[in-house]
Amino acid sequence: MLKRHATEEPVEEARETPFYIPGTGSSTRPRRTLQRGDCFAVLDSFGDMGAVTDGTDGLFFCDTRHLAHLAMLLDGGHPLLLASNVRDDNSILTVDLTNPDIYLHDELAQPKDVLHIVRRLFLLNGTAYQRVRLQNHGEHPFDIRLSFSFGSDFADLFEVRGMHRAQRGTTTTEAGKDTVRLNYRGLDGNLRRTTILFDPVPVQLSNKVASYTFKLRPDEMRSLYVTVKCDHGEEEGAPPAFRKALRAAFNERRSADEAVTEITSSNDIFNELVSRSLADLAMLTANTPQGPYPYAGIPWYSTTFGRDGIITAMQTMWCNPGLAKGVLRRLAAFQANKFDPRADAEPGKILHEMRGGEMAALGEVPFGLYYGSVDSTPLFIMLAGLYAERTGDIDTVRELWPNIEAALGWIDGPGDQDRDGFVEYERAHEKGLANQGWKDSQDAVFHADGSLAHGPIALCEVQSYVYAAKRLAARAARRLGKRAFGYTLDAQADKLAERFEAAFWCEDIGTYALALDGEKRPCRVRTSNAGQVLLSGIAAPERADSVMNSLTKPSFFSGWGIRTVAREERRYNPMSYHNGSVWPHDNSLIAAGFARYGYKNAVDQIFKGLFDAASYMDLRRLPELYCGFNRGRQRAPTRYPVACSPQAWAAGTPLLLLQACLGLEFDPDRNEILLRKPHLPGFLDEVTLRNLRLGQSVVDVTVRKHGQDVSLQVLRNEGRVVVSAVYS
């Protein structure tokens, strides 16, 4: 209940989080996320930011929190929640609220459930739009006392993650009749500004609170608008009004969806999973000067990451090849061309991440343009080769060829520090990442006794990526008429395969070593990294069989997916970030490797585990990772509390798993779409793909299960493409 004179104002600023990735947020109000380009919002289910808990809430723009707190109060207290839903395409958050019992002088003045309040929130062009619509469903007038409290700390994203700073810039606030400007002059000299506009003009507006008082007659409806604009540097003009901005947001999303294959199936839960994945990918994809790029995840990785963007583009290549083109062109534009130890940069190396916040600009963190990733460079070449084979777009390959050659030069040069034929890493500066593969936790690379490996470190899956990169680059070279160079690359790949088998295979554990340390000692630890080795085809068939058998047994397979580390290993911890948890994207790459070697049953096992896990997840959204505990009867998987959700390569996981099952291949030279040994997992009887493109051709196809077999039906064929299936 509420008492009329018991006012309540949440604190103006969010308090500092006490450690690196915070895990202290209240679960009483589940989080909702919105993103558009370089702007994202983390809100609670009421549509508030920072109303009841410290942590990661806020409106962020270019790695700075422009608004840490925005809470709506009715008669000094929180309204009652009816419903909170993000639209299926992730474009709008709609929150339905109502009033609690309101007392005046200890007597009931308004019974609950009389006032309907609808909050609609969305983002566009660095601006957060909110409409609050109130309607009185009672028989008597309703005296409205509504307030919005607000505040900003202009915290750098790394401060929000828990890093402490000795000094900060200065903050000022300017309040007018309907507008408040929160200004921050950073130590880097840059001005960051948050402008909050209220419509209509509030009855009272201070540096912290906007207040409204008015009377609603029975059945009367009234709307209020709160617009929050983020900008750096010179102030631009006023943002467009709510309705105009909403139409622009819908049109932008609709045009982006037209190029993506539509997927439907006989299973409603799978349809929800795929719909959520495609919507998350659309939300995370920013329109950069080089083309579309999938930002890695909310809240910690909402920026350009090389490895994440490449893998997401690989997962979605079959249904949205345009994304790969954007990823390739953006990473090519930022390819390193000189040595810079603070940034772990070397000529030809592909970006790890970029940041636009104050701490990056000042060098307090090394991530302004940071290249501490050992795998993004060979993965870049892989993606370029796969894009060429998927689309036949030789003009883009020709445009990228200097970047591909530079990346190959890094692999054979600075990437191979001791010239032993393997690509290895060791950070060049103390502020850089100690581990530079996808498992980049401090303790992620270790020996069987649990001792940490010391560099330079050569990871097993990275050598597999290099092998695939050279094979694919060889084929691309021949497409460009560089036949001699293609043969040279193929010969190098053959030699790498021989060296790799000799150095990494560990007969005693029946799988590939996690890595070689700086003394060339194998890390004889059973990990999921060996599963990713199969993705390239570098493994001999008999050894691929051993790897598959190991990964699909209970030591690795939790019932919800394959763990990153076998549970018998010394550093196994099902609650850790990289040493025993389940990562959906890791499982999808392993499944693609299994499909390459013909292990269809193993692909189904992974697909079923992740599908079942997603069926328990909020919004059917696969998170970045979850804990590796054994699956229990009638129990959900155990969530990892600070996992990013959504995360781009987690969203791409169901798409790559579906491709692995269907055996989808594309041959632009022959204008053919092939399904090689297609099958469907146990939970799917039928899958339909609409708007599947190859060049200028578009087809719709349905795959149906008939016992142990499947049939293929072409529903539409616009163009001259040949669609066929090979069953043996």
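Residues numbered from 1 in each chain as written. Predicted model: local features only at pLDDT ≥ 70, side-chain atom pairs only at ≥ 80, totals over all residues. Heavy atoms only, no water.

S.K.: Help me understand the overall build of the protein, please; the structure alone is not making it clear to me.
M.R.: Assigned secondary structure in the protein consists of 16 helices and 34 strands. Its C-alpha atoms give the protein a radius of gyration of 27 Å, within 12% of the compact-globule value 27 Å for 728 residues. With the C-alpha coordinates of the protein rotated into their principal frame, the extents come out at 85 × 60 × 50 Å. In the protein, buried positions account for 61% of the 728 residues. Sequence separation of 24 or more characterises 65% of the internal contacts of the protein that already satisfy a separation of 6 or more. Split by element, the accessible area of the protein, about 28,000 Å² in all, is 48% carbon and sulfur. (Helix = DSSP H or I, 4+ residues; strand = E, 2+ residues; numbered from the N terminus. Rg over C-alpha atoms; globule rule 2.2 N^0.38 Å. Buried < 20%, exposed > 50% of the residue type's maximum accessible area, 1.4 Å probe, protein only. Contact = heavy atoms within 4.5 Å. Areas by Shrake-Rupley, 256 points an atom, 1.4 Å probe, with all protein chains shown as cover.)

S.K.: What's the story with the nonpolar core in this structure? I'm lost.
M.R.: One recurring pattern in soluble globular proteins is that nonpolar side chains are buried together. In terms of nonpolar packing, the biggest core is built from 162 residues, with Trp318, Phe380, Phe594 and Leu689 touching the most fellow members. Per element, the largest residue contribution to this core is 12 residues, and it comes from helix α9 (residues 460-479). Beyond its immediate chain neighbours, meaning those up to four positions away, tryptophan 318 contacts Thr261, Ile263, Arg390, Leu655, Leu656, Leu658, Gln659, Leu664, Phe666, Leu689 and Leu692. Of all hydrophobic cores here, the second largest spans 45 residues; its members include Ala41, Leu67, Leu70 and Phe198. (Core = buried A, V, L, I, M, F, W, Y, C linked by side-chain atoms within 4.5 Å.)

S.K.: Got a minute to help me understand the packing of aromatic side chains in this structure?
M.R.: For any pair of aromatic rings, the description consists of the separation of the ring centres together with the inter-plane angle of the planes. Following the criterion strictly, the structure yields 28 aromatic pairs and no others. With 4.9 Å between their ring centres and 10° between their planes, phenylalanine 122 and tyrosine 129 make a pair best called stacked. Across the pair, tyrosine 129 and phenylalanine 122 agree in class, each one buried. Centre to centre, the rings of phenylalanine 122 and phenylalanine 242 are 5.2 Å apart; their planes meet at 70°, and the pair counts as edge-to-face. (Phe/Tyr/Trp six-rings, centres within 6.5 Å; stacked < 30°, edge-to-face > 60°.)

S.K.: Got a minute to help me understand the pairing of strand β10 (residues 107-110) in this structure?
M.R.: Working note: regular strand, side chains alternate between the two faces of the sheet. Pairing analysis gives 3 bridges linking strand β9 (residues 102-104) to β10, with the strands arranged antiparallel. Bridge pairing in β10 links leucine 104 to glutamate 107. Between β9 and β10, which follow one another and run antiparallel, lie 2 residues, and histidine 105 among them has a positive phi close to 55°. (Pairing = 2+ DSSP bridges.)

S.K.: What should I look at first to understand helix α12 (residues 541-551) in this one?
M.R.: Because each turn of an α-helix spans 3.6 residues, side chains separated by three or four positions end up pointing in the same direction. Considered for burial, the residues of α12 that qualify are Ala544, Val547, Met548, Ser550 and Leu551. End-on view of α12: buried residues confined to an arc of 165°, all on one side of the axis. At its buried positions, α12 is contacted by β26 (505-506), β27 (511-512), α11 (529-533), α13 (584-596) and α14 (600-616). (Arc of directions from axis to C-beta.)

S.K.: For this particular structure, what's the right way to read the sheet that holds strand β30 (residues 672-676)?
M.R.: Strand pairing within a sheet occurs via backbone hydrogen bonds; the two strands may be parallel or antiparallel. The strand order across the open sheet formed by 3 strands is β29-β30-β34, and the pairing between neighbours is mixed. What marks the edges here is a single partner per strand, and that holds for β29 (664-667) and β34 (722-726). The mean angle between the axes of side-by-side strands here comes to 20°, regardless of whether they run parallel or antiparallel. When β29 meets β30, the two strands line up antiparallel, connected through 4 bridges. From the neighbouring strand, phenylalanine 666 faces β30, where its bridge partner is isoleucine 673. (Axes fitted to C-alpha atoms, helices over the stretch in contact; angles between N-to-C directions.)

S.K.: Looking at this structure, how should I read the environment of proline 678?
M.R.: Tracing the backbone shows proline 678 in the loop between β30 and β31 (686-694). Its relative accessible area of 9% is what places proline 678 among the buried residues. C-alpha of proline 678 to C-alpha of alanine 592: the two residues are 86 residues apart in sequence and 13 Å apart in space. The contact partners of proline 678, leaving out residues within four places of it in the chain, are Cys661, Leu662, Val710, Ala725, Val726 and Tyr727.

S.K.: Mind showing me how you'd approach the pattern of salt bridges here?
M.R.: Oppositely charged side chains are able to pair whenever their charged atoms sit close together. Inspection of every chain in the model, using the stated rule, returns 49 salt bridges. Residues glutamate 364 and arginine 165 are paired through a salt bridge, measuring 2.9 Å at the closest nitrogen-oxygen approach. One end of the pair, glutamate 364, is in the loop between α6 (358-362) and β24 (369-370); the other, arginine 165, is in the loop between α1 (157-160) and β14 (170-175), with 199 residues separating them in the sequence. For arginine 165, a relative accessible area of 12% corresponds to the buried category. In this structure, glutamate 568 and arginine 526 form a salt bridge, with 2.7 Å as the shortest nitrogen-oxygen distance. Of this pair, glutamate 568 sits in the loop between α12 and α13 while arginine 526 sits in the loop between β28 (515-516) and α11; the two residues are 42 residues apart in sequence, bridging distant segments of the chain. (Salt bridge = Lys/Arg side-chain N within 4 Å of Asp/Glu carboxyl O.)

S.K.: Please clarify how the packing of helix α4 (residues 306-316) against helix α5 (residues 321-333) should be interpreted in this entry.
M.R.: Geometrically, a packed helix pair is captured by the angle between its two axes and the distance between the axes. At a closest axis distance of 8 Å, the pairing of α4 and α5 adopts a crossing angle of 155°. In terms of axis orientation, α4 runs roughly antiparallel to α5. For the pair α4 and α5, the sense of crossing is left-handed. On α5, the residues that touch Gly306, Gly309, Ile310, Thr312, Ala313 and Thr316 of α4 are Pro321, Leu323, Ala324, Val327 and Leu331. In the contact of α4 with α5, the residues fall into 7 nonpolar, 4 polar and no charged. (Parallel < 35°, antiparallel > 145°, perpendicular 65-115°, else oblique. Left-handed = near helix turned anticlockwise from the far one by under 90°. Nonpolar A, V, L, I, M, F, W, Y, C, P; charged D, E, K, R; others polar.)

S.K.: What should I look at first to understand the sheet that holds strand β4 (residues 58-61) in this one?
M.R.: With antiparallel pairing, 4 strands are arranged side by side in an open sheet as β2-β3-β4-β5. Looking along the sheet, the strands with just one partner apiece sit at the ends: β2 (31-36) and β5 (64-67). Going across the sheet, the axis of each strand differs from the next one's by a mean of 25°, ignoring polarity. In the sheet, β4 pairs with β5 via 3 bridges, with the strands oriented antiparallel. Across the sheet, the residue bridging to phenylalanine 60 is arginine 65, located in β5.

S.K.: Would you mind showing me how to read helix α7 (residues 376-391) here?
M.R.: Taking 1.5 Å per residue, 16 residues should reach 22 Å; α7 reaches 22 Å between its end C-alpha atoms and fits that length. Buried residues dominate α7, accounting for 13 of its 16 residues. (Expected span 1.5 Å × (residues − 1).)

S.K.: It is not clear to me how the side chain of threonine 304 should be interpreted in this structure. Could you clarify?
M.R.: Summarising the element assignment, threonine 304 is placed in the loop between β22 (291-294) and α4. Judged by its relative accessible area of 1%, threonine 304 falls in the buried class. Side-chain polar atoms of threonine 304 contact the side chain of arginine 330, separated by 3.0 Å. Those residues in contact with threonine 304 that sit more than four places away from it in its chain are Tyr293, Tyr295, Arg330, Leu331, Leu351, His352, Glu353 and Met354. (Polar contact = N/O pair within 3.5 Å; in protein donor to acceptor, adjacent residues only side chain to side chain.)

S.K.: Help me understand the packing of α13 against helix α16 (residues 653-662) in this model?
M.R.: At a minimum axis distance of 9 Å, the contact between α13 and α16 shows a crossing angle of 10°. The angle between the axes of α13 and α16 places the two elements in the roughly parallel class. Residues Pro584, His585, Asn587, Ser588, Leu589, Ala591, Ala592 and Ala595 of α13 touch α16, and the partners they reach there are Thr653, Leu656, Leu657 and Ala660. Per-class residue counts for the contact of α13 with α16 are 8 nonpolar, 4 polar and no charged.

S.K.: Before we go on, may I ask you to explain the pairing of strand β20 (residues 262-265) in this structure?
M.R.: With burial as the criterion, only one face of β20 is covered, namely that bearing Ile263 and Ser265; the residues Glu262 and Thr264 on the opposite face remain uncovered. Pairing of β20 with β31, which is carried by 4 bridges, proceeds in the antiparallel orientation. The partner of serine 265 across the bridge, within β31, is valine 687.

S.K.: What should I look at first to understand unusual backbone geometry in this one?
M.R.: Note: most peptide bonds trans; most residues except glycine with negative phi. Residues aspartate 199 and proline 200 are joined by a peptide bond in cis, for which omega reads 0°. Looking at where proline 200 falls in the secondary structure, it is placed in the loop between β16 (191-199) and β17 (204-205). For the bond running from glycine 455 to proline 456, omega is -5°, close enough to zero to count as cis. For cysteine 62, which is not a glycine, the phi torsion comes out positive at approximately 50°.

S.K.: Please explain the environment of serine 536 as it appears in this structure.
M.R.: Structurally, serine 536 can be placed in the loop between α11 and α12. What makes serine 536 buried here is its relative accessible area of 6%. Expressed as a C-alpha distance, the spacing of serine 536 and glycine 326, which sit 210 residues apart in the sequence, is 23 Å. Setting aside anything within four residues of it in sequence, one finds serine 536 in contact with Ser464, Tyr467, Ala468 and Arg596.

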